[in-house]
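As a plain string of letters, each chain reads:
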Protein chains: 2
Amino acid sequence: MISFDNFTMVDGSPIYQQIILHIKRGVIAGTIADGDELPSRRVLSALLGVNPNTVQKAYKMLEDEGLIASHSGAKSCMVLTADTVRSIKLELVAADARTAVRALRQMGISLDEAREILEKYWEGEEEQ
Amino acid sequence: MISFDNFTMVDGSPIYQQIILHIKRGVIAGTIADGDELPSRRVLSALLGVNPNTVQKAYKMLEDEGLIASHSGAKSCMVLTADTVRSIKLELVAADARTAVRALRQMGISLDEAREILEKYWEGEEEQ
DNA sequence: ATAACTGTGTTAGTGGAATAATACAGTTTC
DNA sequence: GAAACTGTATTATTCCACTAACACAGTTAT
């Protein structure tokens, strides 16, 4: 069963997107694998304290991407191939890196400074 | 006069916030300095193709932060001290770095990988 | 078979963002 | 001083993302 223990909600971005991101990042990290069962819509919504439809929306979008298989009545589960994982990783890393690099460059920060910042905050986020 | 030439609108976040970010990043980069005049609400809204009220909202929030001085009838201009710039820089860099680092760590990426990614995308965003 | 689960679909409410149309007052420029 | 700019304020409206509440149908376990 996929875990949502270290899931921390942030305001500013939609909850359903945070759920999607949490799952995709788990896939990339290898903590979520092919065939793994997902918590049901109702169970997860109760766990996160949100409406079942919010979870449904996240699961539906993942299903539309082909990452989840849902059969009415039975639990949903992950559908992952090596190729899928690879492309998800590329997609997410690219998005995050591009956003951060663009911001830093717009602030006139040099590559050397950026390296220092990276290392500084890498340690700062140690407690995960 | 503050330039908005390399301003590129993104959907996903409110326009008024993008305007605020553009200005703050310019301040950090040093391309926007104390006393610099801002384009009027009407001019900028025409330039960006948005409603004057959207620009007004951005300017108003910057004024509430004390970064802009507005006198009825005259053009608004930047109000910046060394301390202000320093604190803005800390605030923005911290936010961006924290977000990126947290994402990379959740994907199980190592610090070495992160360094490579940084350098790769640093070159990729060269054209600014 | 029945209870308790599962997924799915429909409908409705809420809030924020963006747009729009004005109006008024101060300043700059000539 | 007159014209053309500037900032400020008000009000209403539209639109959509997000969330919520509920009903319905299939599956599983006992």
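What comes next concerns the included structure. (Residues numbered from 1 in each chain as written. Chains lettered and ligands numbered in written order. Predicted model: local features only at pLDDT ≥ 70, side-chain atom pairs only at ≥ 80, totals over all residues. Heavy atoms only, no water.)

A closer look at the interface of chain A and chain B
With 33 residues of chain A at the contact, the number on the chain B side is 33 residues. Counting the surface lost from both chain A and chain B, the interface buries some 3,600 Å², and carbon and sulfur atoms represent 65% of this. The largest per-residue losses of area from chain A upon contact with chain B belong to Arg-105, Met-107 and Trp-122 of chain A, which jointly make up 22% of the total buried on that side. The interface formed by chain A and chain B holds 4 salt bridges in total. Arg-115 of chain B serves as the salt-bridge partner of Glu-119 of chain A, at 2.8 Å between the closest nitrogen and oxygen. Linking chain A to chain B there are 6 residue pairs in polar contact (both at pLDDT 80 or more). (Contact = heavy atoms within 4.5 Å. Buried area = accessible area lost by both parts, 1.4 Å probe. Salt bridge = Lys/Arg side-chain N within 4 Å of Asp/Glu carboxyl O. Polar contact = N/O pair within 3.5 Å; in protein donor to acceptor, adjacent residues only side chain to side chain.)

So, the packing of aromatic side chains
Residue and element names in this part refer to chain A. What the rule picks out here adds up to 2 aromatic pairs over all chains. Ring geometry for Phe-4 against Phe-7: centres 5.9 Å apart, planes inclined by 55°, an arrangement best described as tilted. Note on Phe-4: relative accessible area 6%, which makes it buried. Among the residues examined, Phe-7 registers a relative accessible area of 13% and is labelled buried. One Lys or Arg, Lys-57, reaches over the ring of Tyr-16 and ends 4.5 Å from the middle of that ring. (Phe/Tyr/Trp six-rings, centres within 6.5 Å; stacked < 30°, edge-to-face > 60°. Buried < 20%, exposed > 50% of the residue type's maximum accessible area, 1.4 Å probe, protein only. Lys NZ or Arg CZ within 6 Å of the ring centre and 35° of its normal.)

Remarks on the protein's contact with DNA strand C
Taken together, 24 residues lie around DNA strand C, and Arg-41, Arg-42 and Gly-73 of chain A together with Ile-15 and Asn-53 of chain B are the ones closest in. Taking all atoms of DNA strand C within 4 Å of the protein, the share assigned to sugar and phosphate is 64%. In this structure, a phosphate oxygen belonging to DNA strand C sits 3.4 Å away from a side-chain N or O atom of Ser-76 of chain A. Here Tyr-16 of chain B contributes a side-chain N or O atom positioned 3.1 Å from a phosphate oxygen of DNA strand C. For the surface near DNA strand C, the secondary-structure elements that each account for two or more residues are helix 2 (41–48) and helix 3 (52–64) of chain A together with helix 1 (15–29) and helix 3 (52–64) of chain B. (Near = heavy atom within 4 Å. Helix = DSSP H or I, 4+ residues; strand = E, 2+ residues; numbered from the N terminus.)

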